[in-house]
Amino acid sequence: RDPTAIGKCDVVVTTYALLRRDIETLSAIPFRCVVLDEAQNIKNSDSATTRAANRLDATMRIALSGTPVENRLRELWSLSNFVNPGILGTVRSFETRFERPIVADRTSPLAAELRAIVRPFLLRRTKDDVLRDLPPKIEVDRVVTLSEADKRMYDALAHTLRGSIARDIENRGLEHISLSVFTALTRLRQMACDPRLVDPALGAAGTAGDGPAVGAKRGAFLDLVRELVAEGRRALVFSQFVQLLTLWRRDLDAEQIAYEYLDGSTTHREVVVDRFQKGTAPLFLISLKAGGAGLNLTAADTVIHCDPWWNPAVEDQATDRTHRIGQEKTVTVVRLIAHGTIEEKILSLKAKKRELSRVVIGSDARALEGLTEADIRVLLGNASDGDGEVERDDGAWAEGDEPGQPAQVPRPLDDALATSSRVLSPEFAILVAEAQRFLMTSGMPKARLAALAEIPAPYVSRLARGEPFPCSRAVADRIRRKIAGY
């Protein structure tokens, strides 16, 4: 802690926390070179860490990062501005000139212009370039089917959140409720993982607390772990939710399955890591935030992502804890996906998010940025809406189509009362009123009405909620006939 000692040394090593604390002393010292490792720590241009780093006096500046763009293109501006101040203008001009146009159109010529500006100062080497002998990586999405009880709890939460978000959009506008949307999506993700994350009293099949049948994904996780243990394999288990790891640790303890554990509160991380590397415990449970970078865990040959998110850069960094130099075995990456839930819907949106930095430097997803109101409705949909039905938005599901399958021949819109996202005729509102009145007075389950009318069950659920679904006049007439004849 003696500042005068710095002048007697060739190399000064410090942490980002101490950089912020010691910046008055460090900024007064002229360095020949400043190197930022894990430079994504300065990705936020407004953070205290970034401001401190930019105050350093150095002839040469180098930023090292495996993820120069994690969530948004502005992060690239922050790193570039540290290395070469002013090269991309001010953050506001960068947002106007590059970020917004490129996000709106990934094929914009501005992407090539930005790439040309940063390329002379960017040395990018992918793992394939450097580690040609690295064993292959196999990625598997293991889809978990929710129980009926799980679906009911998920759908109840989704219904509540949809109403809340709809009111927020109406009152404040979509652009002002990003925190509300993020919170709603997080709650649904937690429910898809384990209902107890939302309410400790919730459980599958009416089981409360820590009963034996809580959550379909929990059961799938334990089945997978038993397989791995029987085969003598070792796995890293990642989750963004520390509480999820805490709950599932109890199951591992009950089954006497050994594991190591690491989250943000873990002290002596290197001891825990070394114990796993040299030990025989089949599992290493790791909080994604605490252990997604900076660890070498090549003793494992399997990675389990318990709650996939749509930022592939973060997911890849976690996987690379074992798929790296020193790994001699094929690495299997397993994502546990709750069928029909927000997790499965995220997978389809995730592909859209992969494009942003690929057009500039190579790989990224911009989390939550660019979500439309339609995207939010899809993400907040019921679990029962994800049973495999393929909905067309260019017409309506009509007589002769197989329920749950796309029509082979598009029906003309003039025969359609509604599509999956739009009401096209006032007759649809009349149908909604008739169906809602019938369901209320008859007490008939929606699934029963779906069977009678020979339409997918999720469409009846939408009808009961007054939401559009692909509906032709022929389908509407058939529903009315079944209601009238009951």
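Residues numbered from 1 in each chain as written. Predicted model: local features only at pLDDT ≥ 70, side-chain atom pairs only at ≥ 80, totals over all residues. Heavy atoms only, no water.

1. Structural notes on the pairing of strand E7 (residues 302–305)
Consecutive residues of a regular strand have side chains that alternate between opposite faces of the sheet. Alternating residues of E7 divide into Thr302 and Ile304 and Val303 and His305, and every residue in both groups is buried. One ladder, built from four bridges, connects strand E4 (residues 235–239) with E7; its direction is parallel. Counted as the bridge partner of Val237 is Ile304 from E7. Of the strand pairs in this sheet, E7 and strand E8 (residues 331–338) are connected by four bridges, and their pairing is parallel. Looking across to E8, one finds that Thr302 is bridged to Thr332. (Buried < 20%, exposed > 50% of the residue type's maximum accessible area, 1.4 Å probe, protein only. Helix = DSSP H or I, 4+ residues; strand = E, 2+ residues; numbered from the N terminus. Pairing = 2+ DSSP bridges.)

2. Regarding unusual backbone geometry
Despite not being glycine, Glu38 has its phi angle at roughly 50°, a positive value. Mapped onto the elements, Glu38 comes out in the loop between strand E1 (30–36) and helix H3 (48–55). At His268, a residue that is not glycine, the phi angle is positive and equals roughly 55°. By the secondary structure assignment, His268 is in the loop between strand E5 (259–262) and helix H12 (269–278).

3. A closer look at the pattern of salt bridges
Opposite charge on two side chains makes pairing possible when the charged atoms of those side chains draw close. All told, the structure shown has 27 salt bridges when counted by the stated rule. Within the structure, one salt-bridge network assembled from shared partners comprises Arg72, Arg74, Arg92, Glu95, Glu99 and Arg100. (Salt bridge = Lys/Arg side-chain N within 4 Å of Asp/Glu carboxyl O.)

4. Observations concerning the packing of aromatic side chains
Going through the model one piece at a time under the given rule, you end up with five aromatic pairs. Between the aromatic rings of Phe94 and Phe98, the centroid separation amounts to 5.7 Å while the plane-to-plane angle is 45°, which identifies the pairing as tilted. Of this pair, Phe94 and Phe98 both sit in helix H5 (residues 91–104), four residues apart, which is roughly one turn of that helix. There is no split in this pair, since Phe94 and Phe98 are both buried. Residues Phe221 and Trp248 carry aromatic rings whose centres are separated by 4.7 Å and whose planes lie at 20° to one another, so their mutual orientation is stacked. Linking Phe221 in helix H10 (residues 216–230) with Trp248 in helix H11 (residues 242–254), this pair joins segments that are 27 residues apart in sequence. Both residues of the pair, Phe221 and Trp248, belong to the buried class. Ring pairing ties together the aromatic residues Phe428, Tyr459 and Phe469, which thus form one cluster. Against the face of Phe276 rests Arg234, its NZ or CZ located 4.2 Å from the ring centre. A cation sits over an aromatic face here: Arg249 above Tyr261, 4.0 Å from the ring centre. (Phe/Tyr/Trp six-rings, centres within 6.5 Å; stacked < 30°, edge-to-face > 60°. Lys NZ or Arg CZ within 6 Å of the ring centre and 35° of its normal.)

5. Thoughts on the sheet that holds E4
Strand order in the open sheet formed by six strands is E3-E8-E7-E4-E6-E5, and the pairing between neighbours is parallel. Where the open sheet ends on each side, the last strands, each with one partner, are strand E3 (137–144) and E5. On average, each strand axis in the sheet is inclined to that of its neighbour by 20°, with strand direction left out of account. Each of E3, E4, E7 and E8 is contacted by helix H14 (residues 312–319), which is oriented at about 145° to E7, the strand it contacts most. (Axes fitted to C-alpha atoms, helices over the stretch in contact; angles between N-to-C directions. Contact = heavy atoms within 4.5 Å.)

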